[in-house]
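# Survey of secondary and tertiary structure
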Amino acid sequence: MFEYLVPQPPDAIIQLMQACKADTNPDKIDLGVGVYKDAAGSTVILDSVKKAEEIYWHQEKTKSYVGIRGNAEFCRLMLELMMGADHSAIADNRIAVAQGAGGSGALRLGAEVIKSAAPDTTVWASTPTWANHIPLISSAGLKMESYPYYNRETLGVDFEDMLDHLAKHAKAGDVVLLHGCCHNPTGADLSPQEWDRVAKFMKERGLIPFIDLAYFGLGRGMAEDTYGLKTVIDICDEVLVAASCSKNFALYKERVGLIAIICKDAATAEVANSQLGLIQRKLISMPPDHGASLVEKVLATPELRQIWENELTEMRERMRGLRQLLSEALNVQGGEVIARAVKDQNGMFSTLPLSKGQAIKLREEHSIYLTNSGRINIAGANSSNIPRLAEAILNVL
Ligand code: LMR
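Residues numbered from 1 in each chain as written. Predicted model: local features only at pLDDT ≥ 70, side-chain atom pairs only at ≥ 80, totals over all residues. Heavy atoms only, no water.

### As for empty space enclosed by the protein
Counted by the stated rule, this structure contains one cavity of 30 Å³ or more. There is about 50 Å³ of room inside the largest cavity. For the largest cavity, the full set of lining residues is Ser126, Tyr147, Tyr149, Leu178, His179, His183, Leu190 and Trp195. Looking at the lining of the largest cavity residue by residue, the class counts come to five nonpolar, three polar and no charged. (1 Å grid on protein atoms, 1.4 Å probe; cavity = no way out; pocket = protein on both sides within 12 Å on 5 of 7 lines; lining within 4 Å. Points joined across faces, edges and corners; volume = space filled by probe spheres on them. Nonpolar A, V, L, I, M, F, W, Y, C, P; charged D, E, K, R; others polar.)

### Comments concerning the packing of aromatic side chains
Scanning the model with the defined rule gives two aromatic pairs in all. Taking 5.5 Å as the distance between ring centres and 80 degrees as the angle between the ring planes, the aromatic pair formed by tyrosine 215 and phenylalanine 349 counts as edge-to-face. Of this pair, tyrosine 215 sits in the loop between strand S6 (208-213) and helix H9 (222-225) while phenylalanine 349 sits in strand S9 (residues 349-351); the two residues are 134 residues apart in sequence, bridging distant segments of the chain. A residue is classified by how much of its surface remains accessible, and tyrosine 215, at 5% relative accessible area, is buried. Assessed through its relative accessible area of 1%, phenylalanine 349 is described here as buried. With centroids separated by 4.3 Å and ring planes inclined at 5 degrees, the aromatic side chains of phenylalanine 249 and tryptophan 308 adopt a geometry described as stacked. Residue phenylalanine 249 is found in the loop between strand S7 (239-244) and strand S8 (256-262), and its partner tryptophan 308 is found in helix H13 (residues 302-330); the two are separated by 59 residues along the sequence. Each member of the pair, phenylalanine 249 together with tryptophan 308, is buried. Just above the ring of phenylalanine 349 sits the side chain of arginine 375; from NZ or CZ to the centre is 3.8 Å. (Phe/Tyr/Trp six-rings, centres within 6.5 Å; stacked < 30°, edge-to-face > 60°. Helix = DSSP H or I, 4+ residues; strand = E, 2+ residues; numbered from the N terminus. Buried < 20%, exposed > 50% of the residue type's maximum accessible area, 1.4 Å probe, protein only. Lys NZ or Arg CZ within 6 Å of the ring centre and 35° of its normal.)

### Thoughts on the site of the ligand
Close contacts around the ligand come from Ile13, Val33, Gly34, Trp130, Asn184, Tyr215, Lys247 and Arg375, and that covers them all. At 3.5 Å, a side-chain N or O of tyrosine 215 approaches an oxygen atom of the ligand. Calculation on the ligand without its partners gives an accessible area of 260 Å², and the protein chains cover 77% of this total. Counting atoms within 2 Å of the grid points, the majority share of the ligand lands in the largest pocket. By residue class, the composition of the shell around the ligand is four nonpolar, two polar and two charged. (Near = heavy atom within 4 Å. Polar contact = N/O pair within 3.5 Å; in protein donor to acceptor, adjacent residues only side chain to side chain. Areas by Shrake-Rupley, 256 points an atom, 1.4 Å probe, with all protein chains shown as cover. Sits in = over half its atoms within 2 Å of the grid points.)

### Observations regarding the sheet that holds strand S2 (residues 95-101)
Spatial strand order, S2-S8-S7-S6-S5-S3-S4: seven strands in an open sheet with mixed pairing. On the outer flanks of this sheet lie S2 and strand S4 (143-148), each paired with one strand and no other. Looking at each pair of strands side by side, their axes are set apart by 20 degrees on average, direction ignored. With respect to the sheet, helix H3 (residues 72-83) is in contact with S2, S6, S7 and S8, its orientation differing from that of S8 by roughly 70 degrees. (Pairing = 2+ DSSP bridges. Axes fitted to C-alpha atoms, helices over the stretch in contact; angles between N-to-C directions. Contact = heavy atoms within 4.5 Å.)

### Notes on the layout of surface pockets
Empty space within the largest pocket amounts to approximately 550 Å³. Counting residues per element, the ones that place at least two in the lining of the largest pocket are helix H1 (12-22) and helix H5 (102-117). The element contributing the most residues to the lining of the largest pocket is H5, with four residues. Here the lining of the largest pocket is composed, by residue class, of 14 nonpolar, 10 polar and five charged. There are two domains that each give the lining of the largest pocket at least three residues, and those are domain 1 (10-45 + 316-396) and domain 2 (65-300). (Domains from an automatic or database assignment.)

### Regarding the environment of tryptophan 130
Mapped onto the fold, tryptophan 130 is located in the loop between strand S3 (122-127) and helix H6 (133-138). Between the alpha carbons of tryptophan 130 and histidine 183 there is a distance of 8.4 Å; along the sequence they are 53 residues apart. What tryptophan 130 contacts, discounting residues up to four positions off in sequence, is Ile13, Ser104, Leu107, Leu136, His179, Asn184 and Pro185.

### Topic: the pairing of strand S5 (residues 175-179)
Counted residue by residue, S5 has five buried out of five residues, so it is predominantly covered. Burial of S5 is two-sided: the residues Val175, Leu177 and His179 facing one way and the residues Val176 and Leu178 facing the other way are all buried. As paired strands, S3 and S5 are joined by two bridges and run parallel to one another. Residue pairing across strands places valine 123 opposite valine 175, the latter belonging to S5. Inspection of the sheet shows S5 paired to S6 by five bridges, in the parallel sense. Within the sheet, the bridge partner assigned to leucine 178 lies in S6 and is isoleucine 211. Once the chain exits S5 it traverses helix H8 (residues 192-205) before rejoining the sheet at S6, and the crossover so formed is right-handed. (Right-handed = clockwise from strand over helix to strand, strands pointing away.)

### Structural notes on the domain arrangement of the protein
Domain boundaries assigned for the protein yield domain 1 (10-45 + 316-396) and domain 2 (65-300). Centre-to-centre separation of domain 1 and domain 2, based on C-alpha positions: 27 Å. Tallying the contact residues gives 26 residues for domain 1 and 25 residues for domain 2. With both sides pooled, the region where domain 1 packs onto domain 2 buries about 1900 Å², and carbon together with sulfur makes up 51% of that total. Contact with domain 2 buries area across many residues of domain 1, yet Arg316, Asn346 and Thr351 alone supply 31% of it, more than any other trio. The tally of links from domain 1 across to domain 2 stands at zero salt bridges. (Buried area = accessible area lost by both parts, 1.4 Å probe. Salt bridge = Lys/Arg side-chain N within 4 Å of Asp/Glu carboxyl O.)

As structure tokens, then:
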């Protein structure tokens, strides 16, 4: 039977990782995959996580299953981290929640629940969006459409176009996928005022927000990065949230994530929980626990939590500092728009107005690795290679 399989090209981001790894140029600059790197170019295990791992190593008594919806304490602490411990949706038991295998697993669980509840739902995604959003959500059997978002000339959000498009084409009951912060791949986020308007718009039109919160804590700060999520939950009756601990806890390969479904009432949340359990069972039976237990330990232990908050601040500030340096280096005649965007955007990514040919040229002639769409991961740069990076970008432009 397997001779009938059709070969598939690897995912563009995975392909880029492989190409960069194979490049022997010692001065290569890896701005590809969305993984945080320190000034030495390493993706280290956080100290808070390492300490939690040590405590856990002594305390863990069994590797037996935890449950189909995963580690309940991890889920509770994560909800409190994202929404604030005193949020009424938590007190009212209106939230169905399950651990997902990373943010991707969480997105998939959310998509499957939508499919079970209303199979004809259309999910709207920004143009552009994370390369895996469309395959991941549509393979649950949902229809997907796009709304305008990033303007490749101004390098900002086309907010009015976004709302106009959704007003004209999306129907009540449709789901709108929003990046809670640190938009991947553009770094262009909605302002607090825009979040206020989006939340009201969704409520008035009966649209359901699905917030992907993959980089929270790495944009401007925990409060700022969860403003959109909290605003939407305050205003809309039904919201889905897919959160990831890959980036903010640097737990990439441990696959730690969470899906939260905020429902109209506690009875509906109970049913949604039963659906999440059933879907998880059908997909992977039980989620992995190691990473979730480490996050639980960090969040529940005041000393570890303090260390983690400091580490998160350090990662965030390093990226802001690199943005500032790159922005200054690009701020020459003809580079002003990019310079401003790089400085103002959030998180790991910015999408530069480069053509596919220019991105390939950067790769082939300068050993600078970024996606063909022009996305850079700023954490892959450092203060010593930024002048060369800026020069190469201006050169290909
Ligand atoms: C990225 O966007 O580069 C990351 O989220 C990693 C991935 O799996 O694509």
